[in-house]
Amino acid sequence: MDYRLDVGMWNQVFAVPCALVDQHLKLAGKEQLQVILWLLRFGGQGFSPEELAQRLGMSPDSARDALDYWCDRGLLRCSGALLSPMPQQEEPRPQPQPQKEAAAPEPAAAPPSPPQPETPKALPPKKRLLRPDGEHMAARMAESEGMRFLLQEAESVLGRTLSPAMSSVLVTITDDYGLPVEVTVMLLHYAVESGHMGTSYIDAVARDWAENGIFSVEAAEEKLQALSRERLAWQRVSTAAGLNRRSPSKKEAERACRWVYAWSFSDEMLACAYDECAEHTGKFSAAYMDKVLTGWHDKGIQRPEELAAAKAQAKAEEKTAKSYDIDELMGMSSLDLPEEL
């Protein structure tokens, strides 16, 4: 997906917003500043994270992290592939204080109400405008040995120095989502194994785990096993269909697991199902492949030779039906017709 920054009048002048200097210059890292300055200099031009990374001499993951950083900090907002400046909220004006009225007599004290049960702590909004800043992170590392261990282990697992955006995501996962350090480390290993190491992906997976109550090592291991099976099933389907590497939708992943694990279709049968799909739709369609494979499963067709035999039988039955129709027509033509006068 190509991104494009539309900054209006900034397209003609290389201007730097005051908010960038006043609020973010001290806390932003080198790569975040490189990215925002490049965006301002070439505003209005389309680009991909890979192209941005090549021009600035950084990895694509670092470029994506920097884009996420400025969106999270509230300087930019992202709508699809369009980046635009985030409107700055004006400071509320002080309201005139109303004149004090004569004090009314205090009402009699009400009886104490029974204690209310505590409601579970809700997670913060899915897309936060602000994440922990550098001062907060430094304080958390100073007071928490677990936080220091997490950030050090994250650098080892990801194989790179943590960006400010990634560091703040890890603090958010621990402080706001409540995932234990050992569970977060397991999540990072999974991200590396699956090839998705951007801050947005790690944040989304961590939030999903928190919302589904995955707070123990045992629950995380069970979840990782399910994700691994799901990833392997989709890999077999995408290879059979010749698809470019991409993540499946939730429905596609569910269907792939059913085809591979519940129905035990081989790679050859998956390829045959894709051929049927491409022949009728001209593209990959998980819904159409599911219809084809459901029919084969209901008929007990599990191997290519069984499929070939079933197709030959269907063709023979179709030929017999057509022959019967012709014989019937010929019989009708042999009926006695009225003699000509």
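Thresholds, definitions, all that
Residues numbered from 1 in each chain as written. Predicted model: local features only at pLDDT ≥ 70, side-chain atom pairs only at ≥ 80, totals over all residues. Heavy atoms only, no water. Axes fitted to C-alpha atoms, helices over the stretch in contact; angles between N-to-C directions. Helix = DSSP H or I, 4+ residues; strand = E, 2+ residues; numbered from the N terminus. Parallel < 35°, antiparallel > 145°, perpendicular 65-115°, else oblique. Contact = heavy atoms within 4.5 Å. Nonpolar A, V, L, I, M, F, W, Y, C, P; charged D, E, K, R; others polar. Salt bridge = Lys/Arg side-chain N within 4 Å of Asp/Glu carboxyl O. Buried < 20%, exposed > 50% of the residue type's maximum accessible area, 1.4 Å probe, protein only. Expected span 1.5 Å × (residues − 1). Phe/Tyr/Trp six-rings, centres within 6.5 Å; stacked < 30°, edge-to-face > 60°. Lys NZ or Arg CZ within 6 Å of the ring centre and 35° of its normal. Arc of directions from axis to C-beta. Core = buried A, V, L, I, M, F, W, Y, C linked by side-chain atoms within 4.5 Å. Patch = residues over 30% accessible without salt bridge, like charges linked within 9 Å, V, L, I, M, F, W, Y side chains within 5 Å. Areas by Shrake-Rupley, 256 points an atom, 1.4 Å probe, with all protein chains shown as cover. Polar contact = N/O pair within 3.5 Å; in protein donor to acceptor, adjacent residues only side chain to side chain.

A.B. asks: Sorry, what's going on with the packing of helix 7 (residues 164-177) against helix 9 (residues 199-211) here?
C.D. replies: For any two helices packed against each other, the geometry comes down to the angle between their axes and how far apart the axes lie. Where helix 7 contacts helix 9, the two axes come as close as 10 Å, and the packing angle between them is 5 degrees. Taken together, the axis directions place helix 7 and helix 9 in an arrangement best described as roughly parallel. Between helix 7 and helix 9, the residues in contact are Ala165, Met166, Val169, Ile173 and Tyr177 and Thr199, Ile202, Asp203, Ala206, Arg207 and Ala210, respectively. Looking at side-chain class alone, the contact of helix 7 with helix 9 contains eight nonpolar, one polar and two charged residues.

A.B. asks: Whenever I open this one, the pattern of salt bridges confuses me. Can you help?
C.D. replies: Note that side chains of opposite charge can pair when their charged atoms are close. Considering all chains together, one arrives at eleven salt bridges under this definition. Across the salt bridge formed by Arg55 and Glu51, the nearest N and O atoms sit 3.0 Å from each other. Taken as a pair, Arg55 and Glu51 lie in helix 3 (residues 49-56) at a separation of four residues, close to a single helical turn. With relative accessibility at 46%, the residue Arg55 sits in the partly exposed group. Residue Asp290 pairs with Arg258 through a salt bridge whose shortest N-O separation is 2.6 Å. In this pair, Asp290 sits in helix 13 (residues 286-298) while Arg258 sits in helix 11 (residues 250-262), placing the two residues 32 residues apart along the sequence. Taking relative accessible area as the criterion, Arg258 reaches 30% and is therefore assigned partly exposed. One network of salt bridges, with partners in common, ties together Arg140, Glu143 and Asp175.

A.B. asks: Sorry if this is basic, but what is going on with helix 2 (residues 30-41) here?
C.D. replies: Given 3.6 residues per turn, any residue in an α-helix points the same way as the ones three and four places further on. With twelve residues, helix 2 extends 16 Å between its outermost C-alpha atoms, agreeing within 8% with the 16 Å of an ideal straight helix rising 1.5 Å per residue. Along helix 2, the residues that are buried comprise Gln32, Val35, Ile36, Trp38, Leu39 and Leu40.

A.B. asks: I would appreciate a short explanation of the packing of aromatic side chains in the present structure.
C.D. replies: Describing an aromatic ring pair means giving the distance of the ring centres and the angle of the ring planes. Counted under the stated rule, the structure contains four aromatic pairs. Taking the centre distance of 5.0 Å and the plane angle of 40 degrees together, the rings of Trp38 and Phe42 count as tilted. Residue class for Phe42 comes out partly exposed when judged on its relative accessible area of 23%. Centre to centre, the rings of Trp234 and Phe284 are 6.1 Å apart; their planes meet at 75 degrees, and the pair counts as edge-to-face. With Trp234 in helix 10 (residues 217-241) and Phe284 in the loop between helix 12 (267-281) and helix 13, this pair connects stretches of sequence that are 50 residues apart. Accessibility classification places Trp234 together with Phe284 in one group, the buried group. Aromatic ring contacts, followed pair by pair, group Trp38, Phe42 and Phe47 into a single cluster. Directly above the aromatic system of Phe42 lies the positively charged group of Arg41, at a separation of 4.7 Å from the ring centroid. We note Arg258 situated over the ring of Trp263; from NZ or CZ to the ring centre the distance is 5.4 Å.

A.B. asks: So what exactly am I meant to see when it comes to the side chain of Ser194 here?
C.D. replies: Of note, Ser194 is situated in helix 8 (residues 181-194). Sequence-distant contacts of Ser194, defined by excluding residues within four places in its chain, comprise Tyr201, Arg231 and Arg245.

A.B. asks: Looking at this structure, how should I read helix 3?
C.D. replies: Restricting attention to buried positions, one finds in helix 3 the residues Pro49, Leu52, Ala53 and Leu56. Each buried residue of helix 3 sits inside an arc of 100 degrees when the element is viewed along its axis, so together they form one side.

A.B. asks: Before we go on, may I ask you to explain the nonpolar core in this structure?
C.D. replies: Membership of the largest hydrophobic core comes to 33 residues, with the highest contact counts inside it found for Leu162, Leu170, Ile173, Leu179, Leu187, Ile202 and Trp209. Where this core is concerned, the elements lending two or more residues are helix 6 (145-158), helix 7, helix 8, helix 9 and helix 10. For this core, the element with the highest residue contribution is helix 8, accounting for eight residues. Excluding its chain neighbours within four sequence positions, the residues that come into contact with Leu179 are Ile173, Thr174, Thr184, Leu187, Ala206, Trp209, Ala210, Ile214 and Phe215. Of all hydrophobic cores here, the second largest spans 24 residues; its members include Ala28, Leu40, Leu56 and Ala63.

A.B. asks: What should I look at first to understand a nonpolar patch on the surface in this one?
C.D. replies: A surface patch of nonpolar side chains, about 300 Å² in accessible area, is lined by Val16, Val21, Leu25 and Leu37. On the secondary structure map, Val21 appears in helix 1 (residues 18-24). Taking the relative accessible area as the measure of exposure, Val21 reaches 44% and is therefore partly exposed.

A.B. asks: Even after reading the chapter, I still don't get the environment of Glu305, so can you show me in this structure?
C.D. replies: Mapped onto the fold, Glu305 is located in helix 14 (residues 304-333). Separated by 3.0 Å, the side chains of Glu305 and Arg303 make a polar contact.

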